[in-house]
Amino acid sequence: MLLRGIFLSAVQLASRTRPERLLPAGTVAELVALLGTELGLTTDGDAFDRFTALESAFQARVNTTDDAISARRVRSAEDLRAVLDLTLAEVRGGDRFDFQWQRARTDIDQLHVMLEEHDAQAEATQRDLEAKLAEYTLAFHEARDELARLQARQPGVLARRAAKSVLTRAGLLQRK
């Protein structure tokens, strides 16, 4: 049972870890042996044979890909041996995964640069808009003040016009 846990852990570890980080193991079987040794478990050829026999018997009962249990057992044993013989790079997806990972990291870096440029451009645009707003606000206040001055002068202008009109009608002022 312990060897089954080590086997499943080794497969998961190999699928998520760069192969060079798991050296000196090069295959799943070597990684299982390495992990087993760290736990004080003997993982020689006999241990793998016993594990394969027990695991394939279990898989034959729960796996229904073939009609006969014996055929399922043979298929499970072959599958287990095939997985044990896989290199760690094969389990992980080969070199292709590393290239995809590097390309993704490069893409992420480029996106960060683009985001920084966008942020800088947005900040510059905001500064320009704030400057224009300040300019337009000043112009608005100046126009409002001028309008107030003009409106303040208007009653005097109207009074002068009215007086001029009255004086002209009265004949005291001549039209020009």
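Structural notes, computed from the coordinates.

Criteria and cut-off values
Residues numbered from 1 in each chain as written. Predicted model: local features only at pLDDT ≥ 70, side-chain atom pairs only at ≥ 80, totals over all residues. Heavy atoms only, no water. Salt bridge = Lys/Arg side-chain N within 4 Å of Asp/Glu carboxyl O. Helix = DSSP H or I, 4+ residues; strand = E, 2+ residues; numbered from the N terminus. Buried < 20%, exposed > 50% of the residue type's maximum accessible area, 1.4 Å probe, protein only. Patch = residues over 30% accessible without salt bridge, like charges linked within 9 Å, V, L, I, M, F, W, Y side chains within 5 Å. Areas by Shrake-Rupley, 256 points an atom, 1.4 Å probe, with all protein chains shown as cover.

## A short note on the pattern of salt bridges
Thinking step 1. This model, assessed by the stated rule, comprises five salt bridges.
Thinking step 2. Two residues, glutamate 55 and arginine 4, come together in a salt bridge whose shortest N-O distance is 2.5 Å. Taken together, the positions of glutamate 55 in helix α3 (residues 45-62) and arginine 4 in helix α1 (residues 2-16) put the pair 51 residues apart, joining distant regions of the chain.
Thinking step 3. Glutamate 55 sits in the buried class, given a relative accessible area of 7%.
Thinking step 4. One salt bridge connects arginine 149 with glutamate 146, and the closest N-O pair in it is separated by 2.5 Å. One end of the pair, arginine 149, and the other, glutamate 146, are both in helix α6 (residues 94-169), three residues apart, so they sit about a helical turn from each other.
Thinking step 5. The class for arginine 149 is partly exposed, based on a relative accessible area of 48%.

## Considering a nonpolar patch on the surface
Thinking step 1. Side chains of Leu167, Leu172 and Leu173 sit close together on the surface and give an oily, nonpolar patch of about 270 Å² of accessible area.
Thinking step 2. In this structure, leucine 172 sits in the segment after α6.
Thinking step 3. In this structure leucine 172 comes out as exposed when scored by relative accessible area, which is 67%.

## Observations concerning the environment of glutamate 117
Thinking step 1. Structurally, glutamate 117 is set in helix α6.
Thinking step 2. Exposure remark for glutamate 117: the relative accessible area of 52% places this residue in the exposed category.
Thinking step 3. Taking the C-alpha atoms as reference points, glutamate 117 and leucine 133, separated by 16 residues in sequence, lie 24 Å from one another.

In short, the description is geometric, and any link to function would need to be established separately.
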